[in-house]
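Given next are the chains, with one letter for each unit.
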Amino acid sequence: MEMKDFKELFPGLETERPVVIAGPCSVETEEQVLSTANELSRQGIRIFRGGIWKPRTSPGCFDGIGEKGLPWLKSVKEKTGMLISTEVANRTHVELALSAGLDMVWIGARTSTNPFAVQEIADAIEKSGKDMAVLVKNPVNPDLELWIGSLQRIYNAGVRRIGAIHRGFSTYGKHVYRNMPQWRIPIELQRRYPDLPLFCDPSHITGNKELIAAVSQQALDMNFTGLIIESHCCPESALSDKEQQVTPDRLKVILDSLILRDSSTTTESLALLRQQIDRINEELLELLAKRMRVSREIGQYKKEHHMPVVQPTRYNELMEQLVKTGEGMGLSGDFIRTILAAIHEESVKQQL
């Protein structure tokens, strides 16, 4: 996939990184939409988002105002000059969005999990022959290939103004974040497609307006293109996701607090440090290769003596011992467990 630079996502829009897309989780009333849009426009936000169709977990919840809200979005564009966008989940949504003159649509996390739905959207866009920017959220489950597959389906429909949205991944139980960031997945997406515009959705990652600034800063530190943040003129009365929406004034405070790193500046000292990292990486690979050679020898011994490959008691004891040792060296226990689990899994494969 050959993607366009993020500046080409929205021709005619003078913007620098970070690009900020903001607006309410759900379009509720014309007054709410225009009030929020006017405040955001005064803050310098140029792209307005508003959910028309809302895929909710449970029936009976407010699932969006529907087609009725499209003229309200058009009014935002006419009165503020902002570009307008909404989420689509099927062919009908796409057709209605195109007929309303929306500048951009995004495919939500539940929809991007379903290749049939994404293909239906792609076919509808291709059939229309219209040029529209399309952003694709990561699937609810942490599956990079499925995310890439959704992007490719849109790309194969002839769309070239494509971007991705990282909104975190669902997990069972209560956690600090509503959806776990699992940053390694969007980082790998960046590695494979360095020209793909990548946005962060801190509202859905955190589920908590108090954490939005911190997650936004993390995303910018990782060179994300921009942010898509839920903003409502009166969050406490919002019909959906009130806990994660901020007022336009609060959004300005958040954005003003962010630090944009200069990714183009590389000093001589940094180059030397990177050389050290490269050497250490090579040493790590050599050690891992050596460890797997020993694992194969252990596997052969176990076969000759009819011993089981996996010995849970030893593994658990070793894991706890190494975690304790690593934490004493200033490493994260979760990080150590993740690394050791991956090494153990590969060792088992080598012994079979």
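This text gives an overview of the structure that appears in the document. Per chain, residues are indexed from 1 in the order of the written sequence. The model is predicted, so local features are restricted to residues of pLDDT at least 70 and side-chain atom pairs to those at 80 or more, both for listing and for counting; the totals for chains, interfaces and linings are taken over all residues. Hydrogens are left out, water is left out, and the side-chain values use all remaining heavy atoms of the structure.

**Description of the sheet that holds strand β7 (residues 198-200)**
Here comes step 1: Think of it this way: DSSP has to see at least two bridges between two strands before they count as a pair. Helix numbering and strand numbering both begin at the N terminus, where a helix is a DSSP run of H or I of at least 4 residues and a strand a DSSP run of E of at least 2. In space, the eight strands of this closed barrel follow the order β1-β2-β3-β4-β5-β6-β7-β8, with parallel pairing throughout. Adjacent strand axes in the sheet meet at a mean angle of 30 degrees when their direction is disregarded.
Here comes step 2: Where β7 meets strand β8 (residues 226-230), two bridges bridge the pair, whose relative direction is parallel. Across the sheet, residue Cys-200 finds its bridge partner in β8, namely Leu-227.
Here comes step 3: Residue contacts follow a heavy-atom distance rule, with two residues in contact if any of their heavy atoms lie within 4.5 Å. In this analysis an axis means a line fitted to C-alpha atoms, helices contributing only their contacting stretch, and an angle means the value between N-to-C directions, from 0 to 180 degrees. Each of β1 (19-23) and β2 (47-49) is contacted by helix α1 (residues 30-42), which is oriented at about 150 degrees to β2, the strand it contacts most.

**So, helix α2 (residues 70-80)**
Here comes step 1: Every buried residue of α2 is listed here: Leu-70, Trp-72, Leu-73, Ser-75 and Val-76.
Here comes step 2: Packed against the buried residues of α2 are α1, β2, β3 (83-88) and α3 (91-99).
Here comes step 3: Of the residues one or two after α2, Gly-81 is the one with positive phi, at around 80 degrees. Here the term buried applies to any residue with accessible area under 20% of the maximum for its type, exposed to any over 50%, and partly exposed to those in between, with areas from a 1.4 Å probe on protein chains only.

**Some points on the packing of α1 against α2**
Here comes step 1: Direction vectors running N to C along α1 and α2 enclose 35 degrees, while the axes themselves pass 10 Å from each other. As α1 runs across α2, the sense of the crossing is right-handed. Here Glu-30, Val-33, Leu-34, Ala-37, Asn-38 and Ser-41 of α1 lie close against α2, whose contacting residues are Trp-72, Ser-75, Val-76, Lys-79 and Thr-80.
Here comes step 2: Here the nonpolar group is Ala, Val, Leu, Ile, Met, Phe, Trp, Tyr, Cys and Pro; Asp, Glu, Lys and Arg are the charged ones; every other residue, Gly included, is treated as polar. Residue classes in the contact of α1 with α2 are distributed as five nonpolar, four polar and two charged. Crossing chirality is assigned from the near helix's rotation relative to the far helix, an anticlockwise turn below a right angle marking it left-handed and a clockwise turn marking it right-handed.

**Focus on the side chain of Lys-137**
Here comes step 1: Residue placement: Lys-137 occurs in strand β5 (residues 133-137).
Here comes step 2: Side chain to side chain, Lys-137 and Asp-201 meet in a polar contact 2.9 Å long.
Here comes step 3: In this view, Lys-137 contacts Trp-106, Ile-107, Gly-108, Ala-109, Ser-112, Trp-147, Ile-165, Arg-167, Asp-201 and His-204; residues no more than four positions away in its chain are not counted. Polar contacts, as used here, are pairs of N or O atoms within 3.5 Å; protein pairs need one atom able to donate a hydrogen and one able to accept it. Residues neighboring in sequence count only if both atoms are side-chain atoms.

**A look at the nonpolar core**
Here comes step 1: To form a nonpolar core, buried Ala, Val, Leu, Ile, Met, Phe, Trp, Tyr and Cys residues must be joined to one another through side-chain atoms within 4.5 Å. Core analysis: the biggest nonpolar cluster contains 64 residues, and Trp-147, Ile-154 and Leu-189 have the highest contact counts within it.
Here comes step 2: Broken down by element, this core gets its largest block of residues, six residues, from helix α6 (residues 144-156).
Here comes step 3: When sequence neighbours within four positions are dropped, the list of residues in contact with Ile-154 reads Ile-107, Val-118, Ile-121, Ala-122, Val-134, Val-136, Val-159 and Ile-162.

**So, the pattern of salt bridges**
Here comes step 1: The working definition used for a salt bridge is a side-chain nitrogen of Lys or Arg within 4 Å of a carboxyl oxygen of Asp or Glu. Tallying each qualifying case throughout the model produces 11 salt bridges.
Here comes step 2: Note that Arg-161 is salt-bridged to Asp-131, the shortest N-O span being 3.3 Å. A residue pair is termed long-range when its members are at least 10 positions apart, and Arg-161 in the loop between α6 and β6 (162-166) and Asp-131 in the loop between α5 (115-128) and β5 qualify at 30 residues.
Here comes step 3: Take Arg-161: its relative accessible area is 8%, and that puts it in the buried class.

**Brief notes about α5**
Here comes step 1: A helix is expected to reach a length of 1.5 Å times the quantity of its residues less one. An ideal rise of 1.5 Å per residue puts 20 Å on 14 residues; α5 measures up with 20 Å between its terminal C-alpha atoms.
Here comes step 2: Along α5, the positions that sit buried rather than exposed are Ala-117, Val-118, Ile-121, Ala-122, Ala-124 and Ile-125. Buried residues of α5, viewed axially, fall in a sector of 160 degrees; they line one side. Projecting away from the buried face of α5 at angles above 90 degrees are the exposed residues Phe-116 and Lys-127.
Here comes step 3: Contacts from the buried residues of α5 go to β3, α3, β4 (104-107), α4 (109-112), β5 and α6.
Here comes step 4: Sitting at the head of α5, Asn-114 places a side-chain oxygen 2.9 Å from the backbone nitrogen of Phe-116.
Here comes step 5: Phi turns positive, to about 70 degrees, at Gly-129, one or two residues after α5. What the arc measures is the spread of directions leading from the helix axis to the C-beta atoms.

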